[in-house]
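An overview of the molecular structure
Here are the chains, one letter per residue:
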Amino acid sequence: GERLRNETDEIDTRHIHGDFNCGNILLGSDDQTERRISIIDLGSRKQDHIIKDVAKLERDIVFRVFDWGSSNFYDPNRRSAWRPFLQTLARESIFIPVPTGGGEESEMSAAKALIYELRSKISAIDSRSNPQSYLFALLHYSLLAMLHPRISFAKKAFAIEYASTIIGELKC
């Protein structure tokens, strides 16, 4: 009991959204120069670690947003184009922005850059955050992706490969 109490005392918890996904982020602008971001649906707010919100949003970027609105979202042969996301799972660079590009589609480079930017904010907020905790949260939400009704079967198949890669990183 005492050991668990000491461990939980070291975890930085704060009020988080609780359901931070792409559907709860509204983007708008008044003109070409001013952009607005609004976060909605705050009914799931709770005291918890920020890792959970960021991992859930990352899961949405990979499995719901990337290729959304095109036939690629449903194409099972597209898995090779989604594999660059696996490079973002290396435990030693979870919170370190890695250069993107290198022959990737511009959308993939942009998605990976956004993921690295989001993760870098975690360590800026809580320097005690560790890659293993983040990977566990990402694994949790990635497994839930297989049950999500708005994720295509092709993406669900990729979720198995994605989760397997996370498990491999956690074994290191």
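Residues numbered from 1 in each chain as written. Predicted model: local features only at pLDDT ≥ 70, side-chain atom pairs only at ≥ 80, totals over all residues. Heavy atoms only, no water.

**Some remarks on the overall build of the protein**
Condition: Each helix corresponds to a stretch of at least 4 residues labelled H or I by DSSP, and each strand to a stretch of at least 2 residues labelled E; elements are numbered beginning at the N terminus. For a compact globule the rule gives 2.2 Å times the number of residues to the power 0.38, and the radius of gyration it is set against comes from C-alpha atoms.
Scanning the protein from N- to C-terminus turns up 6 helices and 4 strands. When the elements of the protein are put in sequence order from the N terminus, they spell out α-β-β-β-β-α-α-α-α-α. Whereas a compact globule of 172 residues would reach a radius of gyration of roughly 16 Å, the protein reaches 17 Å, a difference of no more than 12%. By its C-alpha atoms, the protein is 55 × 45 × 35 Å across when sized along the principal axes.

**As for the nonpolar core**
Note the threshold: For this analysis, a nonpolar core means a set of buried residues of the types Ala, Val, Leu, Ile, Met, Phe, Trp, Tyr and Cys, connected via side-chain atoms within 4.5 Å. Any residue under 20% of the maximum accessible area for its type is buried, any over 50% is exposed, and the rest in between are partly exposed; the area is computed with a 1.4 Å probe on protein chains only. Any two residues having at least one pair of non-hydrogen atoms within 4.5 Å are treated as being in contact.
By size, the foremost hydrophobic cluster in this structure holds 36 residues, and its most contacted members are F63, F85, Y134, F158, Y162 and I166. Of all the elements, helix α2 (residues 50–65) adds the most residues to this core, at 8 residues. Those residues in contact with I166, other than ones at most four positions away along the chain, are L89, L135, L138, L139 and S142.

**What to know about the pairing of strand β2 (residues 25–29)**
Under the convention used in this document: Strand pairing is defined by DSSP finding a minimum of two bridges between the two strands.
Where β2 meets strand β3 (residues 35–39), 5 bridges bridge the pair, whose relative direction is antiparallel. From the neighbouring strand, L26 faces β3, where its bridge partner is S38. Between β2 and β3, which pair antiparallel one after the other, the connecting turn spans 5 residues.

**Focus: helix α6 (residues 153–171)**
To keep it simple, the criterion reads: Here the expected length of a helix is defined as 1.5 Å per residue gap, with one fewer gap than residues.
For α6, with 19 residues, the first-to-last C-alpha span of 27 Å sits near the 27 Å given by 1.5 Å per residue. Inspection of α6 places A154, K155, K156, F158, A159, E161, Y162, A163, I166, E169 and L170 among the buried residues, and these make up the whole buried set. Turning to α6, the residues buried within the fold contact α2, α3 (79–82) and α5 (131–145).

**Regarding helix α4 (residues 106–125)**
With 20 residues, α4 ought to run about 28 Å at 1.5 Å a step, and its terminal C-alpha atoms sit 29 Å apart, in line with that. Restricting attention to buried positions, one finds in α4 the residues M108, S109, A111, K112, I115, Y116, L118, R119, S120 and I122.

**Observations concerning the layout of surface pockets**
Counted only if it meets this: Detection works on a 1 Å grid of protein atoms alone, calling trapped sets that fit a 1.4 Å probe cavities and calling open sets with protein on both sides within 12 Å along at least five of seven lines pockets, with lining residues defined by an atom within 4 Å of a point. Grid points are joined across faces, edges and corners, and a volume is the space filled by probe spheres set on the points.
Roughly 500 Å³ of internal volume is contained in the largest pocket. If you go around the largest pocket, you meet 18 residues; those closest to its centre are C22, L27, I61, V65 and L114. When contributions to the lining of the largest pocket are tallied by element, the ones reaching two or more residues are β2, β3, α2 and α4. Among the elements that make up the lining of the largest pocket, the one with the highest residue count is α4 (5 residues).

**Comments concerning the packing of α2 against α6**
For clarity, the threshold we go by: In this analysis, axes come from line fits to C-alpha atoms, helices being fitted only over the stretch in contact, and the angle between any two N-to-C directions falls in the range 0 to 180 degrees. Angles below 35 degrees are treated as roughly parallel, those above 145 as roughly antiparallel, those between 65 and 115 as roughly perpendicular, and all remaining angles as oblique.
Contact geometry of α2 with α6 gives a least axis separation of 10 Å together with a crossing angle of 130°. Classed by the angle they form, the pair α2 and α6 counts as oblique. Where α2 approaches α6, its residues E58, V62 and F63 are matched on the opposing element by K155, F158, A159 and Y162.

**Quick look at the pattern of salt bridges**
A side chain with one charge may pair with a side chain of the opposite charge, provided their charged atoms come close. Note the following rule: The salt bridge definition used is simple: a Lys or Arg side-chain nitrogen within 4 Å of an Asp or Glu carboxyl oxygen.
Throughout the structure, instances matching the rule amount to 10 salt bridges. Two residues, K56 and D19, come together in a salt bridge whose shortest N-O distance is 2.6 Å. You can see K56 sitting in helix α2 and its partner D19 sitting in the loop between β1 (14–16) and β2, a full 37 residues away along the chain. When sorted by exposure, K56 lands in the same class as D19, which is buried. A salt bridge links K121 to E117; the shortest N-O distance between them is 3.0 Å. One end of the pair, K121, and the other, E117, are both in helix α4, 4 residues apart, so they sit about a helical turn from each other. Here E117 falls in the partly exposed class, since its relative accessible area comes to 39%. Ionic contacts of the salt-bridge type, sharing partners, join the residues R59, D60 and R64 into one network.

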